[in-house]
Amino acid sequence: MNLMLFGAPGAGKGTQAKYLIEKFNIPQISTGDMLRAAITNGTAMGMEAKSYMDAGKLVPDSTIIGIIKERLGQADCKKGFILDGFPRTLAQAEALEELMKNMGISLDKVISLNVPDELIVGRITGRRVCSKCGASFHVEFNPSKVADICDYCGGELIIRKDDNAETVKSRLEAYHAQTAPLIAYYTDMGVMVELDGTKDVNEVTQDMFALLK
Ligand code: AP5
Ligand code: MG
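Residues numbered from 1 in each chain as written. Chains lettered and ligands numbered in written order. Predicted model: local features only at pLDDT ≥ 70, side-chain atom pairs only at ≥ 80, totals over all residues. Heavy atoms only, no water.

Asks: Mind laying out the packing of helix 2 (residues 31-40) against helix 3 (residues 44-54), listing which residues take part and the relevant values?
Replies: Look at helix 2 against helix 3: their axes get within 8 Å of each other, and the N-to-C directions meet at 120°. Classified by the angle between their axes, helix 2 and helix 3 sit oblique to one another. The element helix 2 and its partner helix 3 pack so that their crossing is left-handed. Of the residues in helix 3, those touching helix 2 at Gly-32, Leu-35, Arg-36, Ala-38 and Ile-39 are Met-45, Gly-46, Met-47, Ala-49, Lys-50 and Met-53. Split by residue class, the contact of helix 2 with helix 3 holds 7 nonpolar, 2 polar and 2 charged. (Axes fitted to C-alpha atoms, helices over the stretch in contact; angles between N-to-C directions. Helix = DSSP H or I, 4+ residues; strand = E, 2+ residues; numbered from the N terminus. Parallel < 35°, antiparallel > 145°, perpendicular 65-115°, else oblique. Left-handed = near helix turned anticlockwise from the far one by under 90°. Contact = heavy atoms within 4.5 Å. Nonpolar A, V, L, I, M, F, W, Y, C, P; charged D, E, K, R; others polar.)

This is the structure we're talking about:
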């Protein structure tokens, strides 16, 4: 199954991706997580991406398309994948379409998690992410079982550098200007389904599984 999780920053893409991995045993492909790993590893690509990410701006399309091309070509994607945070511009969506066409595959569903901007700041500022596997938690809405320790891999939970009220504003602006237009693109393609992302985490997961039956 080839899936895409779509939505604003903080909509719950990373959170729900973990449940899809468990259920369908397919990898999550998060361009945000891949860029953060590149920063941690001190690669040239990571260094280039860092200034954009810290400012809440989108990293240039050529960089992103390059990392996705390489990732989708890896063996574990043959049985399917969950795109999380990609594509985010029309150029990225078109590049993905071309790439999938060349691979002889197509998207089964794009799941949009709809959450209004007013709820986003509280979600982002209370988020804690795993420094090892990237899993997302929230101090109030989705706490880890043991404080500051990841439920999935035991890694340490940290606050993401771009998770502050000021950067969230830029990220929301980038989302509305550059990414939200893709809703029409995928609706026209006939693969878009929209979910109420304001329900609690478990309810959103159940709604998502119901539409993937
Ligand atoms: P990225 O890492 O993708 O960040 P983002 O899009 O800003 O999305 P988030 O990870 O913040 O949100 P999420 O939807 O995953 O929410 P989560 O599940 O964690 O990208 C970071 C940066 O990298 C970008 O700004 C850009 O610079 C660059 N980048 C990445 N991809 C790019 C691309 N394709 N093109 C160009 N640049 C790119 O949940 C958020 C919080 O809410 C958590 O605390 C969670 O516990 C909580 N929560 C989740 N669901 C619920 C719920 N139902 N109820 C209550 N709380 C909930
Ligand atoms: Mg995420």
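Asks: Outline the site of ligand 1, listing residues and values.
Replies: Thr-15, Lys-57, Arg-88, Arg-127 and Ser-136 are the nearest of the 37 residues found near ligand 1. Taking Gly-14, its main chain carries an N or O atom lying 2.9 Å from an oxygen atom of ligand 1. A distance of 2.3 Å is found between an oxygen atom of ligand 1 and a side-chain nitrogen or oxygen belonging to Arg-88. Considering ligand 1 on its own, with 1,000 Å² of exposed area, one finds that the protein chains cover 97% of that surface. Looking at the shell around ligand 1, the elements with two or more residues in it are helix 1 (13-24), helix 2, helix 6 (117-125), strand 6 (136-138) and helix 9 (201-211). Counted by class, the shell around ligand 1 contains 14 nonpolar, 12 polar and 11 charged residues. (Near = heavy atom within 4 Å. Polar contact = N/O pair within 3.5 Å; in protein donor to acceptor, adjacent residues only side chain to side chain. Areas by Shrake-Rupley, 256 points an atom, 1.4 Å probe, with all protein chains shown as cover.)

Asks: How would you sum up the packing of helix 2 against helix 4 (residues 61-72)? Please name residues and give values.
Replies: If you want to describe how two helices pack, look at the angle between their axes and the distance between the axes. For the pair helix 2 and helix 4, the least separation of the axes is 11 Å and the interaxial angle reads 100°. When the interaxial angle is binned, helix 2 and helix 4 end up roughly perpendicular. Each of Thr-31, Met-34 and Leu-35 in helix 2 lies in contact with helix 4, whose residues at this interface are Ile-64, Ile-67, Ile-68 and Arg-71. Taken together, the residues of the contact of helix 2 with helix 4 break down into 5 nonpolar, 1 polar and 1 charged.

Asks: Can you explain the sheet that holds strand 6? Please cite residues and give values.
Replies: Strand order across the open sheet formed by 3 strands is 6-5-7, with antiparallel pairing between neighbours. Only two strands of the sheet have a single neighbouring strand rather than two, namely strand 6 and strand 7 (157-158). Relative to strand 6, strand 5 (residues 127-130) runs antiparallel, the two sharing 3 bridges. By the bridge assignment, Val-129 is partnered in strand 6 with Ser-136. Sheet strands in contact with helix 6 are strand 5 and strand 6, and its direction is about 50° off that of strand 5. (Pairing = 2+ DSSP bridges.)

Asks: Lay out the pattern of salt bridges with the relevant residues and their values.
Replies: Scanning the entire structure with this criterion turns up 9 salt bridges. In this structure, the salt-bridge partner of Asp-207 is Lys-199, at a minimum N-O distance of 2.8 Å. By relative accessible area, Lys-199 is classed as partly exposed at 32%. Several salt bridges converge on common partners, so that one network encompasses Arg-127, Arg-160, Asp-162, Asp-163 and Arg-171. (Salt bridge = Lys/Arg side-chain N within 4 Å of Asp/Glu carboxyl O. Buried < 20%, exposed > 50% of the residue type's maximum accessible area, 1.4 Å probe, protein only.)

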